[in-house]
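# Structural overview for review
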Amino acid sequence: MGAGHEFDLIRRLERRWGPAAQGLGDDAAVLDVPAGSRLVVSTDTSVEGVHFRRDWLTTGEIGYRSSVAALSDLAAMAAEPLGMVVALTLPADLAEAIDDIGNGIADASRTARCPIVGGDLTRGDQLSLTVTVLGFSVHPVRRRGARPGQDIVVTGRLGGPGAALRALSEGRMPEPTHRERFARPVPRLREAGWLAQAGATAMIDISDGLAPEARHLAAASGLTMVIDLDVLPAMAGLDAAQAALSGEEYELLATVPAGPDLAAFAHAFGIPLTRIGAVQDGEATATFLRGGDRVDLAGGYDHFSP
Ligand SMILES: [Mg+2]
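Attention in this report is confined to the structure presented alongside it. (Residues numbered from 1 in each chain as written. Predicted model: local features only at pLDDT ≥ 70, side-chain atom pairs only at ≥ 80, totals over all residues. Heavy atoms only, no water.)

Attention now goes to the coordination of the magnesium ion. Those donors, Asp-73 (OD) and Asp-205 (OD), are the protein atoms that reach the magnesium ion, and they lie 2.1 to 2.2 Å from it. Separated by 132 residues along the polypeptide, Asp-73 in helix H2 (residues 59–76) and Asp-205 in strand E6 (residues 202–205) bring together distant segments of the chain. The class of Asp-205 is buried, set by a relative accessible area of 3%. (Donors = N, O, S within 2.8 Å, 3.2 Å for Na, K, Ca; no water. Helix = DSSP H or I, 4+ residues; strand = E, 2+ residues; numbered from the N terminus. Buried < 20%, exposed > 50% of the residue type's maximum accessible area, 1.4 Å probe, protein only.)

Okay, structure coming up:
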């Protein structure tokens, strides 16, 4: 790279990234895909004012979260990460924040053991990050593979990001545990590998909320997802409807053969795996039960009496 402000910024990013970046310096990245496996690719864009606000998150958290959103899609496919490519649009007033943004991206890269293998940097009016992730899998797990009689399981405890967002939008300080789940989500890559080993045939990551994602699985598989809100794993102080409608969780929702070893999962990863329902023949939608009665989550939790 020659002289110039943009190259200086790129050099700064590369210094930040250190060993988190691999094989930079060519016109394109070159990656080895293990023989017999398939390439799995996903991309995710985060734009200031649309996907995040700079007064709600630090620039480091913005870099981290944008990367995790993309990495979580590899987890949803039960793919192992190969590399990530980061395209950054930076407003002039944020040039000095590039170190923090770079740190956040590198954090996500290290967490997921997914090296940064390329990128692009441009000037623009709004901060925007587009993260493309590349992974591989012999048997990617898709949304359409659910089968009648399977259990529906979810990783982790839900509701934190939704509660944090609600507090922020009402001008309140979120609970620290809720804010942590919002600002520092974890891509469930190793957990996805466990679920695939346990025979998961359909999987999705919870970016829009458990209820909408369950409907996506149901639609893709042409089956009914019956989900019991009474056993939904909500964070302390939150009710099941809040947990079911909380987005940006980056937990995994999967269908597995009946009777997965929930204790073994919890022991391996330190987070719960909860059986929340079953796959049935029928209309391609999700049905939610509370106390055995069907409840409607479509209209949001305000419509849903506690
Ligand atoms: Mg997804």
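So, about helix H4 (residues 160–169). Extensive coverage of H4 is indicated by the burial of 7 of its 10 residues. Taken together, the buried positions of H4 are Gly-160, Pro-161, Gly-162, Ala-163, Ala-164, Ala-167 and Leu-168. Tucked into the core, H4 has its buried residues touching helix H5 (176–183). Note on H4: the residue one or two positions beyond its end, Gly-171, has a positive phi of about 75°. (Contact = heavy atoms within 4.5 Å.)

As a further point, take the environment of Asp-293. Tracing the chain through its elements places Asp-293 in strand E11 (residues 293–295). Residues Asp-293 and Asp-228 lie 65 residues apart in sequence; the distance between their C-alpha atoms is 9.4 Å.

The strand order across the open sheet built from 7 strands is E6-E8-E5-E9-E7-E10-E11, with neighbouring strands paired in mixed fashion. Only two strands of the sheet have a single partner each, and these edge strands are E6 and E11. Pairwise comparison of adjacent strand axes, ignoring direction, gives a mean angle of 30° for this sheet. The pairing of strand E10 (residues 286–290) with E11 spans 3 bridges and is antiparallel. For Phe-288, the partnering residue across the bridge sits in E11 and is Val-295. Each of strand E5 (151–155), E6, strand E8 (252–256) and strand E9 (273–280) touches helix H6 (residues 189–197); the most contacted strand, E8, lies at about 10° to it. (Pairing = 2+ DSSP bridges. Axes fitted to C-alpha atoms, helices over the stretch in contact; angles between N-to-C directions.)

At their nearest, the axes of H4 and H5 sit 7 Å apart, and the two run at 105° to each other. Overall, the two elements H4 and H5 adopt an arrangement that is roughly perpendicular. Listed contacts from H5 to Gly-160, Pro-161, Ala-163, Ala-164, Leu-165 and Leu-168 of H4 are His-178, Arg-179, Arg-181 and Phe-182. (Parallel < 35°, antiparallel > 145°, perpendicular 65-115°, else oblique.)

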